[in-house]
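Overview (structure and organization)
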Amino acid sequence: MKSFRKDFLWGGATAANQVEGAYREGGKGVSVADVVTVGSHTQPRRISLDLDPQYYYPSHQAIDHYHHYKEDIALFAEMGFKAYRMSISWSRIFPDADNETPNEEGLAFYDGVFQELQKYGIEPVVTISHGDIPLALGTRYGGWPNKKAIDLYVKYAVTLFERYKDYVRYWIPFNEINDIFLPMSSLGQGAMLDEQSVYFTEQADRPEARMNALNNMMIASAKAVIAGREINPAFHFGTMICHITRYPRTCHPDDVLLVLEDDLYFNNTCADVMLKGEYPFYTLNRFEKEGIQIGLSEEEKAILKEGVCDYYTFSYYQSISESTLTFEDQTSGNIMGGIKNPYLKETEWNWPIDPVGLRYTLLKVYDRYRVPVMITENGIGCVDRMEEDGSVHDPYRIAYLRDHITEMRKAVDEGVDLIGYTAWGCIDLVSVSTGEMKKRYGFIYVDCDDQGKGTQIRSRKDSFYWYKKVIASNGEDL
Ligand code: BG6
């Protein structure tokens, strides 16, 4: 059986708004993440543009990585990380989105982070926009549906490329860019503020504005890629797709067709534009049928064609089942749920667990795009318990990751060019969908609860030692 490549990028992933905290320190501006309160599995997160002292806003403190980054990176190094996927907080660099000059204190913070990573030989994989859009992009400009957002983003991206060109080679223009196909991403991805939206997961919908936001984001990505390659031809740019792997719930042809159509639309649109340089026929036709106009000019088409990415990354947590028929039992999940799949177990948050689906997805995306593939998010959110002696036993996490890595290996054996794997939430962090801390993904336990209380002390879980062994053996010793 083929092994993982020798330079395989084993590591972990986080996002600035879910770990950094220090939300007004070092000149940082308020971001869209900073106006969303804590929620729970049953209580949706509220959006409150005027911060209300009766609520806790998890991004304000998160796990205080801003002050603990050296300690955190040392722990990643102890596990043997080869790569660390992180994001830069846009509102730390351009606090109001349209500032004339960048915030030097914000830039200096990331100098420190990259120097620390370099010290341990850890390759940064940097997401330029991951849920940290300056709130002012929404309040002043209406967010991503406005073409002005393209210029602001490109200015921000170019600032990063010039400043960090000697530290960073792997860039990801947007996290899970295709999330914006769903109304719940209007705020987080689109900075589209809507007076009527009270809950993060139930936002008012403006489909045409969302699709214009998406189109503008992809043009911005292409422009950034073009500019970035001029600054450093050795840069790599990756698309990042929230890959919702779908199965028909029955073998009724209508169910099979439904899954195909949703796959073409949700999973393929952005990757096609960002890797092949043009919209797939299916999406353009669907826009037309639904009366959605994105007004793509010839000049913009040429930009999309030129500014393509060179590797494919995606998040994979689960698969979902769909049907045209009615089934009572539902699951939830990363961004969306589906019908209960009788063959799969679920996490405590009702996300189906499907390691084989990861192999299926790897084969499918490699076949379609034929560029190197990196899994930039995968993991399981669980309630962990710390024992009196400070240990945390998390066999369920080890089992989940082992099963997924086993399937990755089989995909490699079948010929997929897999270059890296960054497990999501390598250190416990704030959940996006619920704002909770108790939904933990990490190898490293952080003493912090859903209301931000705790010592912030870091502890190694059993999975920490297990993952260290996996990396040391290049995925042989699972
Ligand atoms: C992905 C996001 O969709 O899912 C992450 O890119 C997020 O930011 C992850 O944290 C897991 O979702 P959740 O809701 O459990 O945090």
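All values reported here derive from a predicted model rather than from experimental measurement.

This part covers the overall build of the chain. Check the secondary structure of the chain and you find 14 helices and 12 strands. Against the globule reference of 23 Å for 478 residues, the chain gives a C-alpha radius of gyration of 21 Å, in line with a compact fold. The C-alpha extent of the chain, read off along each of the three principal axes, is 60 × 55 × 50 Å. Sorting the 478 residues of the chain into buried and exposed places 52% on the buried side. Nonlocal contacts in the chain, meaning residues at least 24 apart in sequence, comprise 74% of its contacts between residues at least 6 apart.

The next thing to look at is the packing of helix α6 (residues 148-164) against helix α7 (residues 207-231). As a packed pair, α6 and α7 sit with axes 9 Å apart at the nearest point and diverge in direction by 30 degrees. When the axes of α6 and α7 are compared, the pair comes out roughly parallel. Here the hand of the crossing between α6 and α7 comes out right-handed. Along the contact surface, α6 presents A149, I150, Y153, V154, A157, V158, F161 and E162, while α7 presents N216, I219, A220, K223, A224, A227, G228 and I231. Split into classes, the residues belonging to the contact of α6 with α7 amount to 12 nonpolar, two polar and two charged.

A word on the sheet that holds strand β9 (residues 373-377). With parallel pairing, eight strands are arranged side by side around a closed barrel as β1-β2-β3-β4-β5-β7-β9-β10. When the angles between neighbouring strand axes are averaged without regard to direction, this sheet yields 25 degrees. On top of the sheet, helix α9 (residues 269-276) reaches β5 (236-242) and β7 (311-315); it is set at about 170 degrees to β5, its chief contact.

A15, G381, S431, V432 and S433 are the nearest of the 15 residues found near the ligand. Of the residues belonging to the shell around the ligand, the class tally is five nonpolar, seven polar and three charged.

Quick look at the nonpolar core now. The biggest cluster of nonpolar side chains holds 135 residues, and the ones touching the most others in it are V126, M218 and V373. Looking at this core, the element that brings in the most residues is α7, giving 10 residues. Contact partners of M218, with chain neighbours within four places excluded, come to C270, V273, M274 and L304.

So, on to the packing of α7 against helix α11 (residues 298-306). Between α7 and α11, the shortest axis-to-axis distance is 8 Å and the interhelical angle comes to 55 degrees. Taken together, the axes of α7 and α11 lie oblique to each other. Handedness of the crossing formed by α7 with α11: left-handed. Of the residues in α11, those touching α7 at M218, I219, A222, K223 and I226 are E300, I303, L304 and E306. Residue composition of the contact of α7 with α11, by class: six nonpolar, no polar and three charged.

Rules used in this analysis
- The residue numbering used here restarts from 1 in each chain and proceeds along that chain's sequence as written.
- Per-residue local features of the predicted model are confined to residues with pLDDT of at least 70, and side-chain atom pairs are confined, for both listing and counting, to 80 or more; whole-chain, interface and lining totals are unaffected and use all residues.
- Each helix is a run of DSSP H or I of at least 4 residues and each strand a run of E of at least 2, with the numbering of both proceeding from the N terminus.
- For a compact globule the rule gives 2.2 Å times the number of residues to the power 0.38, and the radius of gyration it is set against comes from C-alpha atoms.
- Every C-beta atom is placed from the backbone, and the number of other C-beta atoms within 10 Å of a residue's own sets its class: buried at 20 or more, exposed at 12 or fewer, partly exposed in between.
- We call two residues in contact when their backbone-placed C-beta atoms lie within 7 Å.
- Angles here are taken between N-to-C directions and fall from 0 to 180 degrees, while the axes themselves are lines fitted to C-alpha atoms, restricted in helices to the stretch in contact.
- Angles below 35 degrees are treated as roughly parallel, those above 145 as roughly antiparallel, those between 65 and 115 as roughly perpendicular, and all remaining angles as oblique.
- Crossing chirality is assigned from the near helix's rotation relative to the far helix, an anticlockwise turn below a right angle marking it left-handed and a clockwise turn marking it right-handed.
- Residues are grouped as follows: nonpolar covers Ala, Val, Leu, Ile, Met, Phe, Trp, Tyr, Cys and Pro; charged covers Asp, Glu, Lys and Arg; every other residue, Gly included, is treated as polar.
- Only strands joined by at least two bridges in the DSSP assignment are considered to pair.
- What makes a residue near a molecule or strand is its C-beta atom, placed from the backbone, lying within 6 Å of it.
- Residues of type Ala, Val, Leu, Ile, Met, Phe, Trp, Tyr and Cys that are buried and joined through C-beta atoms within 7 Å form what is called a nonpolar core.

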